[in-house]
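Reading the structure
Now for the letters of each chain:
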Amino acid sequence: MLNLGNRYNRTRYNLSARGHRERGLAAEVMARQLPPDQVRAVQERHSGVISKGEVHRKWLDVEYHMRRAVRDATTLGLEESQPLNILDIGCGAGYFIAVARHLGHNITGLDMSDNEVFNDFVALMTIPRVVHCITPYTPLPDFASPFNLITGFQVRFNWKTKRERWTHEEWSYFLNDCRSRLATGGRMRLQLNSGKDARYRYLPEETVTRLREVPGATIPADKRTITVAA
């Protein structure tokens with residue numbers, strides 16, 4: 001449940017010019033890619049699903065997640081950008097891909113196929129997805145062409161357990177592999193999943209220090225994102 005501060009901030013955002021534009025864009029994407037009767041069928045089929053100890057019903061809130069995907073896309077400048085070749089790591093239900101594709105970009109998703117909620121939305125929106133599990137010291141699959149942009153939102157593939165994360169060596173391997181898939185002038189931006197335990201949020205300081213040595217890597221002070229430029 002939202003507290004009063006969060007409710008106020010969300011209401012203020014919804015009334016802003018940017019909020020109005022993003023709500024409109026989300027509505028356009030849903031109208032073109034998500035037939036209401038088929039969305040309801042997916043929602044009814046998974047209304048009580050629990051998988052791997054996590055309740056995935058939140059991903060059935062199509063309008064909320066589509067607006068969030070629109071916000072991610074506009075923050076990255078995709079609304080004004082020329083067409084880009086984009087790889088979305090951990091694409092989930094495919095909301096971000098649906099928005100980016102609507103904006104004229106060429107998108108490839110990458111994720112596992114063990115979440116039936118995600119699978120149904122991926123099929124419904126005909127999301128181009130490569131099935132792959134990211135593990136330490138394992139390269140990404142081969143792709144036909146390099147990417148102008150690699151994205152990842154709320155990624156948690158670096159979680160070995162709830163209390164153990166990737167080492168800087170494992171991160172370095174992954175970032176350098178991704179960087180090798182970027183076209184000239186390309187970039188990668190990963191948004192990290194913080195988790196609920198404050199002791200294990202984002203990245204340890206030692207890891208951050210070492211990863212800043214990776215060519216083109218930038219990690220802000222809050223450690224919430226990792227950006228890598230080609």
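Below is a short write-up of the structure. Since this is a predicted model, take the numbers as computed values, not measurements.

This brings us to the side chain of D88. Tracing the backbone through its elements, the reader meets D88 in strand β3 (residues 85-89). One buried charged side chain, D88, makes no salt bridge at all; its nearest oppositely charged neighbour is R189, positioned 9.7 Å away. Here T151 takes part through its side chain, which lies 2.8 Å from a polar atom of the side chain of D88. Not counting residues up to four positions away in its chain, the partners in contact with D88 are F96, I97, T108, G109, L110, T151, G152 and F153.

The next thing to look at is the sheet that holds strand β4 (residues 106-111). Taken together, 7 strands build an open sheet; the order of strands is β5-β4-β3-β6-β9-β11-β10 and the sheet is mixed. What marks the edges here is a single partner per strand, and that holds for β5 (129-131) and β10 (217-218). Pairing between strand β6 (residues 147-155) and strand β9 (residues 182-192): 6 bridges, direction parallel. Counted as the bridge partner of L149 is R187 from β9.

Tallied over the full model, the rule gives 11 salt bridges. In this structure, the salt-bridge partner of E170 is K160, at a minimum N-O distance of 3.1 Å. With E170 in helix α7 (residues 168-179) and K160 in strand β7 (residues 159-161), this pair connects stretches of sequence that are 10 residues apart. Overall, E170 belongs to the buried group, its relative accessible area being 9%. Relative accessible area serves as the criterion here: at 37%, K160 is assigned to the partly exposed category.

On to the packing of aromatic side chains. Taken as a whole and assessed by the stated rule, the structure comprises 11 aromatic pairs. The interplanar angle of 50 degrees and the centroid separation of 5.3 Å between the aromatic rings of F157 and W166 together place this pair among those described as tilted. Looking at W166, the relative accessible area reads 4%, which means it is buried. Here the aromatic rings of W171 and F174 are separated by 6.0 Å at their centres, their planes lie at 70 degrees, and the arrangement is edge-to-face. Of this pair, W171 and F174 are both found in helix α7, 3 residues apart, which corresponds to roughly one turn of the helix. Each of the two residues, W171 as well as F174, counts as buried. An aromatic cluster is built from F157, W166, W171 and F174, whose rings are joined through pairwise contacts. Seen from the ring of W159, R156 lies directly overhead, with NZ or CZ sitting 4.0 Å from the centre. The cationic tip of R165 hangs over the ring face of W159; the distance from NZ or CZ to the ring centre is 3.9 Å.

This brings us to the nonpolar core. Counting 36 residues, the largest nonpolar core has L34, M66, L78 and F121 as its most contacted members. Every element with two or more residues in this core is listed here: α2 (17-33), α3 (36-45), α4 (62-75), α5 (95-102), α6 (116-124) and β6. Residue contacts for L78: discarding those within four places in its chain leaves A73, L84, I86, F96, A100, L103, H105 and L149.

Rules used throughout
Residues numbered from 1 in each chain as written. Predicted model: local features only at pLDDT ≥ 70, side-chain atom pairs only at ≥ 80, totals over all residues. Heavy atoms only, no water. Helix = DSSP H or I, 4+ residues; strand = E, 2+ residues; numbered from the N terminus. Buried < 20%, exposed > 50% of the residue type's maximum accessible area, 1.4 Å probe, protein only. Lys, Arg positive; Asp, Glu negative; His and termini not counted. Salt bridge = Lys/Arg side-chain N within 4 Å of Asp/Glu carboxyl O. Polar contact = N/O pair within 3.5 Å; in protein donor to acceptor, adjacent residues only side chain to side chain. Contact = heavy atoms within 4.5 Å. Pairing = 2+ DSSP bridges. Phe/Tyr/Trp six-rings, centres within 6.5 Å; stacked < 30°, edge-to-face > 60°. Lys NZ or Arg CZ within 6 Å of the ring centre and 35° of its normal. Core = buried A, V, L, I, M, F, W, Y, C linked by side-chain atoms within 4.5 Å.

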